[in-house]
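Residue-level structure breakdown
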Amino acid sequence: MAKACQLFSGSSGNSIYIGSGNGGVLVDIGVSAKRCEIALGRIGVDPKSIRAIFVTHEHHDHVSGVRVFASKHKIPVFASPETLEEMRRVQIINEKVSAFEIDRFLELDGIRAEAFRNSHDSVSCLGYKFTLSDGRKISVCTDTGYVTDDAKITLAGTDMIFLESNHEISMLENGPYPYILKKRILSAKGHLSNFAAGEFAKELLQGGTTRFVLSHLSKENNVPEIARQSAIAALAEIGAKENADYRLYVSAPENNGGLIVL
């Protein structure tokens, strides 16, 4: 039985749990190890059942709790070579952490991980698709300025996706952020807008994806209901109806105990 949960989402910290009865993995830990442990407890997951931590990129809101959590629970960390080098340089990980490079594929205790390249203003940024022991595929595609060809190829046929829906373009353009920051977010190395997320969701649904979790929403430049209605409107363009053809979720900054079971 495949299950998943966005434990934390947004600029204040990100972490996603994906697993089954045989254990699971975490994608990023951008909060303290203690907060991550508490969040796992809310969904009935023992930290000792975590088989690995997969890091998308080195930004603080994705890695701040990795070193303590990994060393405390003796959990291996996987990331791109560039990300690992940067994490070592700034002491996010040290000799107490077992860290390994991932290029493309990894088999780990009944879970198959496949990495793909995203486009973000970091030294490197990966997304991941996980195939669990029951054959279900759950993917994470966040922190990217656009949906790369690598992502499109890898994510075709995923059952469920955590998909970035960071900002509403008009809110960002008319909001309080300085021009240089707005330009960065809107760039090819920034974040996906609600519109971009909806356009990709249409492709995914036509390829068999039926569970969408809108992730990494900006507190300043988005509203959960706007992100939700934007996705619903996009999917309606291809005749799809919520709760009939797909299920849609919007990640809160901190999960309250909900777990999605496939």
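Further up the page is the structure itself.
Right, let's walk through the structure included here. Note that the coordinates shown come from a computational prediction; the quantities given were computed from them, not determined experimentally. Every chain's residues receive numbers from 1 upward, in the order its sequence appears when written. The predicted origin of the model limits local features to residues at a pLDDT of at least 70 and limits the giving and counting of side-chain atom pairs to 80 or more, whereas totals for whole chains, interfaces and linings rest on all residues. In computing side-chain properties, one takes all heavy atoms of the structure into account and sets aside hydrogens as well as water.

**Thoughts on the overall build of the chain**
Only DSSP runs of H or I with at least four residues qualify as helices, and only runs of E with at least two residues qualify as strands; both kinds are numbered from the N terminus onward. Helices and strands together make up the secondary structure of the chain, namely 9 helices and 14 strands. Taking 2.2 N^0.38 as the reference for a compact globule, 262 residues should give roughly 18 Å; the C-alpha atoms of the chain span a radius of gyration of 17 Å, in line with that estimate. Over its C-alpha atoms, taken along the principal directions, the chain stretches across nearly 50 × 45 × 35 Å. Each residue is placed in one exposure class: buried if its accessible area under a 1.4 Å probe, protein chains only, is under 20% of its type's maximum, exposed if it is over 50%, and partly exposed if it falls in between. Looking at the chain residue by residue over its 262 residues, the buried ones come to 56%. Restricting the contact set of the chain to residue pairs at least 6 apart, pairs at least 24 apart contribute 65%. Note on areas: these come from Shrake-Rupley sampling with a 1.4 Å probe, and a residue is covered only by the protein chains present in the view. Of the roughly 11,100 Å² of accessible surface on the chain, 51% is carried by carbon and sulfur atoms. Positive charges come from Lys and Arg alone, negative charges from Asp and Glu alone, with His and the N- and C-terminal ends not counted. Every charge is mapped to an atom, namely NZ of Lys, CZ of Arg, CG of Asp or CD of Glu. Taken together, the 29 basic and 31 acidic charged side chains of the chain have centroids lying 5 Å from each other. A radius of gyration in this sense is built from C-alpha atoms; the matching globule rule multiplies 2.2 Å by the number of residues raised to 0.38. Contact criterion: two residues are considered in contact whenever any of their non-hydrogen atoms come within 4.5 Å of each other.

**Quick look at the side chain of Ser165**
On the secondary structure map, Ser165 appears in the loop between strand E11 (160-164) and helix H6 (169-173). The buried category is assigned to Ser165, whose relative accessible area is 1%. Counting of polar contacts relies on pairs of N or O atoms within 3.5 Å, with two restrictions inside protein: one atom must be capable of donating a hydrogen and the other of accepting it, and residues adjacent in sequence are counted only when both atoms are side-chain atoms. Engagement of the side chain of Ser165 in a polar contact is seen with the side chain of Asn194, the distance being 2.6 Å. Setting aside residues up to four positions removed in sequence, Ser165 forms contacts with Leu192, Ser193, Asn194, Ala197, Leu214, Ser215, His216, Leu217, Asn222 and Ala227.

**Thoughts on the pairing of strand E4 (residues 50-54)**
E4 sits mainly inside the fold: 4 of its 5 residues count as buried. Taken together, the 4 bridges between strand E3 (residues 23-27) and E4 define a ladder with parallel strand orientation. Bridging across to E4, Gly24 finds its partner in Ile50. The β-α-β motif built from E3, the intervening helix H1 (residues 33-42) and the parallel element E4 has right-handed crossover chirality. Here a strand pair is declared whenever DSSP counts at least two bridges between the two strands. Pairing analysis gives 2 bridges linking E4 to strand E5 (residues 77-79), with the strands arranged parallel. If you follow Ile53 over to E5, its bridge partner there is Val77. Call a crossover right-handed when, viewed with both strands pointing away from you, the route from the first strand across the helix to the second goes clockwise.

**Looking at the sheet that holds E4**
Spatial ordering of the open sheet is given by E6-E5-E4-E3-E2-E1-E14, a layout of 7 strands whose pairing is mixed. The sheet is open, and its two edges are formed by strand E6 (99-101) and strand E14 (260-261), each paired on a single side. Throughout, an axis means a line fitted to C-alpha atoms (over the contacting stretch in the case of helices), and angles, computed between N-to-C directions, take values from 0 to 180 degrees. Docked against the sheet, helix H4 (residues 81-89) engages E5 and E6, running at close to 150 degrees with respect to E6.

**Some remarks on the packing of aromatic side chains**
Each pair of aromatic rings taken from Phe, Tyr and Trp, with Trp reduced to its six-membered ring, is defined by centres within 6.5 Å and is described as stacked if the planes are under 30 degrees apart, edge-to-face if over 60, and tilted in the remaining cases. A complete count under the given rule lists 6 aromatic pairs for this structure. Considering the side-chain rings of Phe212 and Tyr246, the 6.2 Å spacing of their centres and the 80 degrees angle between planes classify their relative orientation as edge-to-face. Of the two residues, Phe212 is situated in strand E12 (residues 211-215) and Tyr246 in the loop between helix H9 (224-236) and strand E13 (247-250); the sequence distance between them amounts to 34 residues. One exposure class covers both Phe212 and Tyr246, and it is buried. Taken together, Phe54, Phe78, Phe100, Tyr128 and Phe130 form an aromatic cluster joined through their ring pairs.

**So, the pattern of salt bridges**
For this document, the term salt bridge refers to a Lys or Arg side-chain nitrogen within 4 Å of an Asp or Glu carboxyl oxygen. Taken as a whole and assessed by the stated rule, the structure comprises 16 salt bridges. The closest approach of N and O atoms between Arg104 and Asp150, which form a salt bridge, is 2.9 Å. Of this pair, Arg104 sits in the loop between E6 and strand E7 (105-108) while Asp150 sits in helix H5 (residues 149-155); the two residues are 46 residues apart in sequence, bridging distant segments of the chain. Overall, Arg104 belongs to the partly exposed group, its relative accessible area being 25%. The residue Lys152 makes a salt bridge to Glu203 at a minimum N-O spacing of 3.9 Å. Separated by 51 residues along the polypeptide, Lys152 in helix H5 and Glu203 in helix H8 (residues 194-206) bring together distant segments of the chain. You can call Lys152 partly exposed: its relative accessible area is 35%. Owing to a relative accessible area of 41%, Glu203 belongs among the partly exposed residues under this scheme.

**A word on the side chain of Lys182**
Mapped onto the secondary structure, Lys182 falls in helix H7 (residues 179-186). Buried and unpaired, Lys182 has no salt bridge, with Glu173 as the nearest side chain of opposite charge at 8.4 Å.

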